[in-house]
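# Summary of structural features
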Amino acid sequence: MPISNIKSSSDMHYQYMNATGELKYNMTNDYMFRMVLQRDKNTLINLISSVLDLPLSVIEDVKIENSVEPGKAISDKEYQLDILVLLNGNTYINLEMQVVNYDNWTNRSLAYLCRRFDNAARGKDYNTIKPVYHVSFLDFTLFEDHPEFFAKYQVRNAIDNYLYTNNFNLYVIELNHTNIATDNDKRLGIDNWAKLCKARTWEEIKMITQDNPSMDSTAESIYLSNSDFAIQEQCRAREDAIAHEKYQKEQLEEKERQIENLSAQNKALTTETISLSAEISRLTKLLEDNGIKH
């Protein structure tokens, strides 16, 4: 339903409560993820409260530093679909949704975090640097040999684990591993956020929010964003772009496999050639030793 047909918040709530079936786009779509968090401040506050384990009472203000006009096309995902939040005027939080594993996430997320960590104003003391967090919502397993639902990484001493600084933080939430969420993850409700992001039907969303009423405004924001044709178009464009990127990645991997196979075949042929050359030399010498001309 076009957003213009939703006359009031009560109408929107009624329509959401009567919505059934599949969502057009859920929050694993990075454009939808941005629109929902940007549209509903309560969602942004509650999500940050859960992930950073902060009481709601200490969150005085959250400000998105790189807002995007709803429905506006994104030409440069790297810098515009990551959500940069300034918390209480003194902490930067970079939020990002990623569904395709390009095998570069560790370096990419570090690059993002380092850019944001360099936030001291020119001429100011480095002690004025604001703490930074990069929070990745990944719909894949980052480390196959170390699956984890919610991981926190910091700079620490490699021998005794002593904390170097708590101003530089990498958080990773793997949406496909809610089954191994810890008791503390569940206490914070992070597993419910992951389930909400992954929900594909309105029935799933209502089931999640039934036991988590603080997520009601998030669910309604998802409905409102799914009802906006301009946002739908950008979500579709993002899915098309991701599908194309995934296809290109698969094609590149196939070419790399072909090159590896050809290289292996070439190595085998080279080995065989050397072996044949050695055998020809041996036979030639044998003929000469026996006075046989060839």
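### Details of the pattern of salt bridges
Enumeration over the complete set of coordinates arrives at nine salt bridges. Close ionic contact of Asp 53 with Arg 187 constitutes a salt bridge, the shortest N to O distance being 3.2 Å. In this pair, Asp 53 sits in the loop between α3 (41–51) and β1 (62–64) while Arg 187 sits in helix α6 (residues 183–188), placing the two residues 134 residues apart along the sequence. Given a relative accessible area of 38%, Asp 53 falls into the partly exposed group.

### What about the environment of Arg 115?
Of note, Arg 115 is situated in helix α5 (residues 105–117). Accessibility expressed as a relative area gives 39% for Arg 115, which makes it partly exposed. For the pair Arg 115 and Val 132, spaced 17 residues apart in sequence, the C-alpha separation works out to 9.9 Å.

### A few points about the packing of aromatic side chains
Geometry of an aromatic ring pair is reported as the spacing of the ring centres plus the angle between the planes. Tallied over the entire structure, the rule returns seven aromatic pairs. Judged by centre distance (6.1 Å) and plane angle (75°), the ring pair of Tyr 16 and Trp 202 falls under edge-to-face. Of the two residues, Tyr 16 sits in helix α1 (residues 9–17) while Trp 202 sits in helix α8 (residues 202–210), which places them 186 residues apart along the sequence. A relative accessible area of 6% places Trp 202 in the buried class. On the numbers, 5.4 Å between centres and 65° between planes, the contact of Trp 202 with Tyr 223 is edge-to-face. Of this pair, Trp 202 sits in helix α8 while Tyr 223 sits in helix α9 (residues 216–226), and the two are 21 residues apart along the sequence. Grouping residues by exposure puts Trp 202 and Tyr 223 together as buried. Over the face of the ring belonging to Tyr 16 we find Lys 206, whose NZ or CZ atom lies 5.7 Å from the ring centre.

### Some words on the confidence of the model for the chain
Detailed conclusions should not be drawn from predicted coordinates in areas where pLDDT is low. Averaged over every residue, the pLDDT of the chain is 89; the share at 70 or more is 94%. Within the model, pLDDT remains below 50 along residues 1–7, and this stretch shows 15 contacts once partners closer than five positions in the same chain are excluded.

### Remarks on the nonpolar core
Counting residues in hydrophobic clusters, the biggest one holds 56 residues, and the most contacted among them are Leu 95 and Phe 137. In terms of residue count, helix α2 (residues 30–39) provides more of this core than any other element does, six residues in total. Beyond its immediate sequence surroundings of up to four residues, Phe 137 is in contact with Phe 33, Leu 47, Val 51, Leu 95, Glu 96, Met 97, Gln 98, Ile 173 and Leu 175. Listed in part, the seven residues of the second largest apolar core include Leu 86, Tyr 92, Leu 113 and Phe 168.

Reading the values: rules and limits
- Residues numbered from 1 in each chain as written.
- Predicted model: local features only at pLDDT ≥ 70, side-chain atom pairs only at ≥ 80, totals over all residues.
- Heavy atoms only, no water.
- Salt bridge = Lys/Arg side-chain N within 4 Å of Asp/Glu carboxyl O.
- Helix = DSSP H or I, 4+ residues; strand = E, 2+ residues; numbered from the N terminus.
- Buried < 20%, exposed > 50% of the residue type's maximum accessible area, 1.4 Å probe, protein only.
- Phe/Tyr/Trp six-rings, centres within 6.5 Å; stacked < 30°, edge-to-face > 60°.
- Lys NZ or Arg CZ within 6 Å of the ring centre and 35° of its normal.
- pLDDT = per-residue confidence, 0-100.
- Contact = heavy atoms within 4.5 Å.
- Core = buried A, V, L, I, M, F, W, Y, C linked by side-chain atoms within 4.5 Å.

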